[in-house]
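What follows is the residue order along each chain.
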Amino acid sequence: MLALIAGMGALPKALSASQAEEPLVCSLEGFLPDGLEPDVVFRLEQLGTFLIDLKARGVSEVCFAGAIRRPQIDPAAIDADTMPLVPIISEAIGSGDDGALRAVMSLFEDQGFTIRSAEELAPDLLPGAGVLGRHLVLETSEADAARAERLIEALSEEDVGQACIVANGQVLAIEAVFGTDWMLASIKNRPDCKGGIFYKSPKLGQDRRADLPLIGPDTAMACAEAGLDGIVIEAGGVMVLDQENLIARCDAAGLFLWVRERTI
């Protein structure tokens, strides 16, 4: 049986709908998915009890999908089954995104659960390489994409983010703890002229079983509002939700959508 550890956003609903058998949908309190009712809501302070409950329900596989921010821990609420896990939980909260996910996944693996990736459950969410939609990639954007790729590679060791904005060779913004939407909103009132690209790819050496990058129709709207020329994502490394609607929004906004092969 598969348990979907569902965070915020639309990805959990898309993954659940793609499965032949409905998964057990579980969510951390305060971080519920869009349009999907969880079967189980748990607190981090009772993670040990939650793991025991999953086993009792016959769960053998888990998939992590959706966004989760680092929650505040109430020491008084930690139960006996979770107490032995506190050192690993504390390490996870204090780590970068990828480090935190690795720590959490190790807890599940130590209890005998197999981790399934979102791309394994729904491979159709990874589009093939090429330009999607009717707008062509600008020559200047090709150089900006190469610069963005090098930047994400350089930042990978620091476990910072999976996206950046580059225009005419200049880095305008880097995704960090507040996420993609905040980064795009931060350049709406930029002092220079409009233009540039939004680039997204996995970090170098990232564990692809969780937190694989994701874009959707809302990404196109945010990029258009930021005055960008287009969206560039790594082929085979970024999932796309509601691809038809995303392409339509890019076309309407004058954005190109380039699924680019990695060159480094």
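Refer to the preceding data block for the structure.
Residues numbered from 1 in each chain as written. Predicted model: local features only at pLDDT ≥ 70, side-chain atom pairs only at ≥ 80, totals over all residues. Heavy atoms only, no water.

**Q** Just give me the short version of the overall build of the protein, but keep the residues and values in it.
**A** Across its full length, the protein holds nine helices and 13 strands. Scaling as 2.2 N^0.38, a compact globule of 264 residues should have a C-alpha radius of gyration of about 18 Å, and the protein matches this with 19 Å. Looking at the 264 residues of the protein, the share that counts as buried comes to 49%. Pairs at least 24 apart in sequence give 72% of the contacts found in the protein among residues at least 6 apart. (Helix = DSSP H or I, 4+ residues; strand = E, 2+ residues; numbered from the N terminus. Rg over C-alpha atoms; globule rule 2.2 N^0.38 Å. Buried < 20%, exposed > 50% of the residue type's maximum accessible area, 1.4 Å probe, protein only. Contact = heavy atoms within 4.5 Å.)

**Q** So what's going on with the sheet that holds strand β13 (residues 256-260)? Residues and values would help.
**A** Strand order in this open sheet of six strands is β6-β13-β11-β9-β7-β8, and the pairing throughout is mixed. Pairing within the sheet leaves two strands with one partner each, and these edge strands are β6 (130-132) and β8 (170-174). With strand direction ignored, the average angle separating the axes of adjacent strands in the sheet is 25°. The sheet contact formed by β6 and β13 spans three bridges and is antiparallel. Each bridged residue has a counterpart across the sheet, and for V131 the counterpart in β13 is W258. On top of the sheet, helix α9 (residues 243-253) reaches β6, β11 (230-234) and β13; it is set at about 130° to β13, its chief contact. (Pairing = 2+ DSSP bridges. Axes fitted to C-alpha atoms, helices over the stretch in contact; angles between N-to-C directions.)

**Q** Could you give me a rundown of unusual backbone geometry, with the residues and numbers involved?
**A** You will see that N168, though not glycine, has its phi angle at about 50°, which is positive. Following the sequence through the fold, N168 ends up in the loop between β7 (163-167) and β8. Backbone geometry at D242 places phi at a positive 50°, although glycine is not the residue there.

**Q** Account for the pattern of salt bridges, with residues named and values stated.
**A** A full pass over the atoms with the stated rule returns 12 salt bridges. Put simply, E149 and R260 hold a salt bridge, and the shortest N to O gap is 3.2 Å. Here R260 lies in strand β13 and E149 lies in helix α6 (residues 139-156), a separation of 111 residues in the sequence. This pair shows no difference in class: E149 is buried, exactly as R260 is. Shared partners join several salt bridges into a network, and the residues in it are E29, R43 and E45. (Salt bridge = Lys/Arg side-chain N within 4 Å of Asp/Glu carboxyl O.)

**Q** Which residues make up the nonpolar core, and what values go with them?
**A** I165, F198, I215, L228, I231 and L257 are the most contacted members of the largest nonpolar core, which has 25 residues in total. Of all elements in the fold, only β7, α7 (179-185), α8 (217-225), β11, α9 and β13 reach the threshold of two or more residues within this core. Look past the residues within four positions of I215 in its chain and what remains in contact with it is F198, K200, I231, I233, V238, M239, V240, L241, L246 and L257. A3, I5, F50 and L51 belong to the second largest nonpolar core, which has 24 residues in total. (Core = buried A, V, L, I, M, F, W, Y, C linked by side-chain atoms within 4.5 Å.)

**Q** Account for a nonpolar patch on the surface, naming residues and giving values.
**A** Together, V177, F178 and W182 make up a nonpolar patch on the protein surface, roughly 380 Å² of accessible area in all. One can find V177 in the loop between β8 and α7. (Patch = residues over 30% accessible without salt bridge, like charges linked within 9 Å, V, L, I, M, F, W, Y side chains within 5 Å. Areas by Shrake-Rupley, 256 points an atom, 1.4 Å probe, with all protein chains shown as cover.)

**Q** Break down the environment of R43 for me, with residues and values.
**A** Tracing the sequence through the fold places R43 in the loop between β3 (40-42) and α2 (47-56). Residue class for R43 comes out partly exposed when judged on its relative accessible area of 29%. In the structure, R43 is positioned 154 residues away from I197 in sequence and 39 Å away in space, judged by C-alpha atoms. Not counting residues up to four positions away in its chain, the partners in contact with R43 are L28, E29, D74 and A77.

**Q** Tell me about the sheet that holds strand β1 (residues 2-6), residues and numbers included.
**A** Spatial strand order, β3-β2-β1-β4-β5: five strands in an open sheet with parallel pairing. In the strand order of this sheet, the two ends are held by β3 and β5 (114-115), each with one partner. Looking at chain direction, β1 and strand β4 (residues 61-65) are connected through five bridges and run parallel. Paired with L4 across the strands is C63, a residue of β4.

**Q** Outline α9, listing residues and values.
**A** Of the positions making up α9, those classed as buried are L246, I247, C250 and D251. Buried residues of α9 fall within an arc of 135° about the axis and therefore sit on the same side. Among the exposed residues of α9, those pointing more than 90 degrees away from its buried face are E244 and A252. Of the surrounding secondary structure, the elements contacted by the buried residues of α9 are β6, β10 (214-215), α8, β11, β12 (239-240) and β13. The positive-phi residue at the C-terminal boundary of α9 is G254, with phi of around 80°. (Arc of directions from axis to C-beta.)

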